[in-house]
Amino acid sequence: MSASTVAFSEAQLAEVRRLQALYPDARAALLPVLHMAQETFGHISLEAEEYVAGLFDVTPAHVHEVVTFYTLFFRQPKGRHVVAVCHNLSCHLAGAPEIIAHVMRRLGIGVGATTDDGRVTLQAVECLCACEHAPMMQVDDRYEFGLTPEKVDQILEGLR
Amino acid sequence: MTAEKLLTRNFDRADSHTLRAYLETGGYTAWQKAQTLEPAAITEEVKQSNLRGLGGAGFPTGTKWSFVPKNHTGPVYLVINADEGEPGTFKDRYLLERDPHALIEGMLIAARAIRSPTGFVYIRGEYVEPWRRFSAAVGEAYDAGYLGRGFDVVVHRGAGAYICGEETGLISSLEGKKGWPKLKPPFPAIKGAFGAPTIVNNVETIAHVPHIINRGAAWFASLGTKTQGGTRMYSVSGRVTRPGVYEASVAITLRRIIEDLGGGVTGNGRLKAVVPGGSSAAILRADEIDVTADVDGLRNAGTMAGSAGVIVMDETVSIPEALMVVARFYAHESCGQCTPCRESTGWIYKMVRRIVEGRGQKDDLDTILDVARRGAGTTICAFYDGAVGPYISYIEKFRAEFEALIEGAGTRAVATPAPREAIARA
């Protein structure tokens, strides 16, 4: 990605200023702006970190420290869809290991990897707090509940 | 003891998240009443109600509010912890999605009590739908004039980190930093978000406040035990017939939660163990469930009410395997700030894992217990103590199961891994 492609539109810059004004200290808008950056650029590259740092009174190192701390920020290109299967206790008791193994077989990739066609990134994640519907997973913005191999197949089919 | 539903009373209405539904069921009348009360009187009412924090620590809410310095002249902030992440807990997700105005009304009242002009609601990043629902409700509350007249609400999204549920970690994250907890004192009520006095309360805690104002502290206190008032929402999961979120008196017993609310044990039908308050709570054996599930009842039972995430395990569940999953979680989520936590959570996970995988060694259990005990109480926040609870209790209460795996490993080790491979994996 060339440097010139890492830039917000005028409307987005206005949104950055609006977010910064919501807080007693503008730097508190860093997480919301990083969410915006990821939605816009697909992932948060070192260039994107520098760009975002320039919108705040912070160093690129500070932004890097923040980006690397949180699991929802991707530093490498991710798939068009992110499938995050919960593997914490309640989901484990409901068969999460088998569900994860099934997704791996279906996608032909391991946990943490992205399919060659860039369609799906697979993750095993800690508790998503929907244990009453275990085993469950998050697909992009959506929670998917009560997973069975058949239901997983249906969901994966729907991801383009 | 089948308590009247307070927090969940509207959950079966399809439109329960809307302002109209909230107003139709008495919404914002407590806020009207609270506007006629002096701030100190509101705090006193909440104190008398015996409302205790429902996010995990169980601290008396009114007492917490009273810690804000009386003579403070600058801003005071109200921060709502909606960073629900304690494994086995899902109640705040329901409140944000199905009754967001209860939280907004509770915030208005709490903000009056502590004289706060601004409230921040920190919602975990994975909770996209709860965030949308709650943000829509905030929009409605602005349009209707409840917000924006002396009190503003900012909805803030996290980005994936369990430690941000710890109140000072949450404050760091809210300030735009990595979510490292801060050394206390100063406590947030003295110096919190943006250096100002800050009260951090859980979603469910604040959603109770309108009921206390409407119906009085004495009534609320009478719903619970001597030291904790009201109802709370139990998240019931694991090997039960009806997993789900259930509102009941804090005085209900763990047995009734499992048998009556959860519909009894699945698997082979016989209870082996239960985690009563989210994964950081010490595990209880099947013969330890005739205790009330309030903060002090479970503390006396050697565990904690925590976030009231009740995880049920039947006899077919392997306790060492369960501990491996739990230990993996703490290893992953340790923020890395304090050495005992950063190092121990990683090494203990590796040791429990090698026991489960048949590579355990004779001294492993005592080493884990020793490391766990030495680190407890030595770190900045309660995260490591929350990991130590399961490490010690799973091993002490189910030691024979761990030992059987370790003894089995000795016999298998002769036949299976080649020496070099064994060294590499150990």
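Computed from a predicted structure; not experimentally measured.

**Considerations on the overall build of chain B**
Here's step 1: Summing up its helical and strand segments, chain B has 18 helices and 9 strands in all.
Here's step 2: Its C-alpha atoms give chain B a radius of gyration of 23 Å, within 12% of the compact-globule value 22 Å for 426 residues.
Here's step 3: Projected onto its principal axes, the C-alpha coordinates of chain B cover approximately 75 × 45 × 35 Å.
Here's step 4: The buried share of chain B, reckoned over its 426 residues, is 57%.

**Observations regarding the overall build of chain A**
Here's step 1: On a plain count of helices and strands, chain A comes out with 7 helices and 4 strands.
Here's step 2: With respect to the three principal axes, the spread of C-alpha positions in chain A is 50 × 35 × 25 Å.
Here's step 3: When burial is assessed residue by residue, chain A has 38% of its 160 residues classed as buried.

**With respect to the interface of chain A and chain B**
Here's step 1: Contacts between the two partners involve 33 residues from chain A, matched on the other side by 41 residues from chain B.
Here's step 2: At the level of elements, helix H2 (30-41), helix H4 (60-69) and helix H5 (89-93) of chain A are the ones that each hand at least two residues to the side of chain A that touches chain B.
Here's step 3: In terms of residue class, the side of chain A that touches chain B is made up of 21 nonpolar, 6 polar and 6 charged.

**Things to note about the sheet that holds strand S3 (residues 137-139) of chain A**
Residue and element names in this part refer to chain A.
Here's step 1: The 4 strands are arranged S2-S1-S3-S4 in an open sheet whose pairing can be described as mixed. Of all the strands in the sheet, the pair left with one neighbour each is strand S2 (120-125) and strand S4 (142-144). Neighbour-to-neighbour, the strand axes of the sheet open up by a mean angle of 25°, direction not taken into account.
Here's step 2: Relative to S2, strand S1 (residues 81-86) runs parallel, the two sharing 6 bridges. Across the sheet, His81 pairs through a bridge with Val120, a residue of S2.

**Here's the deal with the packing of helix H6 (residues 100-114) of chain B against helix H9 (residues 203-215) of chain B**
For any two helices packed against each other, the geometry is given by the interaxial angle and the distance between the axes.
Residues and elements named next belong to chain B.
Here's step 1: Where H6 contacts H9, the axes come no closer than 7 Å and their chain directions differ by 75°. By the criterion of interaxial angle, the relationship of H6 to H9 is roughly perpendicular. On H9, the residues touching Ala102, Leu103, Glu105, Gly106, Met107, Ile109 and Ala110 of H6 are Val203, Ile206, Ala207, His208, Val209, Pro210 and Ile213.
Here's step 2: Its residues assigned to classes, the contact of H6 with H9 comprises 11 nonpolar, 2 polar and 1 charged.

**Overview of the confidence of the model for chain B**
All names here are of chain B.
Here's step 1: Looking at chain B as a whole, the pLDDT averages 95, with 95% of positions reaching at least 70.
Here's step 2: Below a pLDDT of 50 lies the segment residues 412-426, which in the model reaches 5 contacts outside its immediate sequence neighbourhood of four places, other chains included.
Here's step 3: Interface confidence in the predicted complex, given as ipTM, is 0.97; pTM for the same model is 0.95.

**Some points on the domain arrangement of chain A**
Here's step 1: Splitting chain A by domain gives domain 1 (3-69) and domain 2 (81-157).
Here's step 2: With centres defined by C-alpha atoms, the gap from domain 1 of chain A to domain 2 of chain A works out at 30 Å.

**Some remarks on the domain arrangement of chain B**
Here's step 1: Along its sequence, chain B is carved into domain 1 (19-216), domain 2 (231-314) and domain 3 (319-425).
Here's step 2: Tallied by class, residues from the side of domain 1 of chain B that touches domain 2 of chain B come to 4 nonpolar, 5 polar and 4 charged.

**Here's the deal with the nonpolar core**
Here's step 1: Ranked by size, the top nonpolar core spans 175 residues in total, and within it A:Leu34, A:Val85, B:Val79, B:Met107, B:Ile109 and B:Val274 carry the most contacts.
Here's step 2: Leaving out residues up to four positions away in the same chain, B:Val274 has contacts with B:Leu254, B:Ile258, B:Leu284, B:Ile289, B:Val310, B:Ile311, B:Val312 and B:Met313.

**So, H6(B)**
Residue and element names in this part refer to chain B.
Here's step 1: A rise of 1.5 Å per residue sets the reference length of H6, with its 15 residues, at 21 Å; its end C-alpha atoms lie 21 Å apart and thus fit the reference within 8%.
Here's step 2: H6 sits mainly inside the fold: 15 of its 15 residues count as buried.
Here's step 3: Just beyond H6, the residue with positive phi is Arg115, at close to 60°.

**A closer look at the sheet that holds strand S3 (residues 152-157) of chain B**
Residue and element names in this part refer to chain B.
Here's step 1: Reading across from one edge, S3-S2-S1-S4 is the order of the 4 strands in this open sheet, with parallel pairing throughout. Strands with a single pairing partner mark the edges of an open sheet, and in this sheet they are S3 and strand S4 (198-202). In this sheet, neighbouring strand axes are inclined to one another by 20° on average, regardless of whether the strands run parallel or antiparallel.
Here's step 2: Summarising the sheet, strand S2 (residues 118-123) and S3 pair through 6 bridges and their orientation is parallel. Along S3, the bridge assignment pairs Tyr122 with His156.
Here's step 3: Relative to the sheet, helix H7 (residues 128-143) contacts S2 and S3, its axis offset from that of S3 by approximately 165°.
Here's step 4: Across the sheet, helix H8 (residues 167-174) touches strand S1 (77-82), S2, S3 and S4, and the angle it forms with S1 is around 105°.

**Looking at unusual backbone geometry**
Here's step 1: With an omega dihedral of -5°, the bond running from A:Ala134 to A:Pro135 counts as a cis peptide bond.
Here's step 2: Tracing the chain through its elements places A:Pro135 in the loop between S2 and S3.
Here's step 3: The omega torsion of the bond from B:Pro185 to B:Pro186 falls at 5°, within 30 degrees of zero and hence cis.
Here's step 4: In this fold, B:Pro186 is placed in the loop between H8 and S4.
Here's step 5: In the Ramachandran plot, A:Asp140 falls in the positive-phi region, its phi being about 55° despite a non-glycine side chain.
Here's step 6: One can find A:Asp140 in the loop between S3 and S4.

**Some words on the pairing of S4(B)**
All names here are of chain B.
Here's step 1: Burial of S4 is extensive: 5 of the 5 residues sit out of reach of the surface.
Here's step 2: Side chains Thr198, Val200 and Asn202 project from S4 onto one buried face, and the interleaved Ile199 and Asn201 project onto a second face that is buried too.
Here's step 3: Direction of pairing for S1 relative to S4: parallel, over a ladder of 5 bridges. Bridge assignment links Leu78 to a residue of S4, and that residue is Ile199.

Rules behind the numbers
- Starting afresh in each chain, residues are numbered from 1 along the sequence in its written order.
- Each chain gets a letter, beginning with A, and each ligand a number, beginning with 1, in the order they are written.
- Whole-chain, interface and lining totals are the exception, using all residues; otherwise, since this is a predicted model, local features are given only for residues with pLDDT of at least 70 and side-chain atom pairs are given and counted only at 80 or more.
- Where helices and strands are cited, they refer to DSSP runs of H or I of at least four residues and of E of at least two residues respectively, numbered from the N terminus.
- Radius of gyration here is computed from C-alpha atoms only, and the compact-globule reference equals 2.2 Å multiplied by the residue count raised to the power 0.38.
- Residue burial here comes from a neighbour count, namely the number of other C-beta atoms, placed from the backbone, that lie within 10 Å of the residue's own C-beta, with 20 or more meaning buried, 12 or fewer meaning exposed, and in between meaning partly exposed.
- Contact between two residues is assigned when their C-beta atoms, built from the backbone, lie within 7 Å.
- Put simply, Ala, Val, Leu, Ile, Met, Phe, Trp, Tyr, Cys and Pro go in the nonpolar bin, Asp, Glu, Lys and Arg in the charged bin, and everything else, Gly too, in the polar bin.
- Pairing between strands is defined by DSSP: at least two bridges between them are needed.
- As a rule, the C-alpha atoms of each element are fitted with a line to give its axis, helices using only the stretch in contact, and angles between N-to-C directions run from 0 to 180 degrees.
- Roughly parallel refers to an angle under 35 degrees, roughly antiparallel to one over 145, roughly perpendicular to one between 65 and 115, and oblique to any angle outside these ranges.
- Values of pLDDT, the confidence the predictor places in each residue, fall between 0 and 100.
- Domain extents, as shown, originate in an automatic or database domain assignment.
- When buried Ala, Val, Leu, Ile, Met, Phe, Trp, Tyr and Cys residues are joined through C-beta atoms within 7 Å, the set is termed a nonpolar core.
- Between the first and last residue of a helix there are one fewer steps than residues, each counted as 1.5 Å, and that sum is the expected span.

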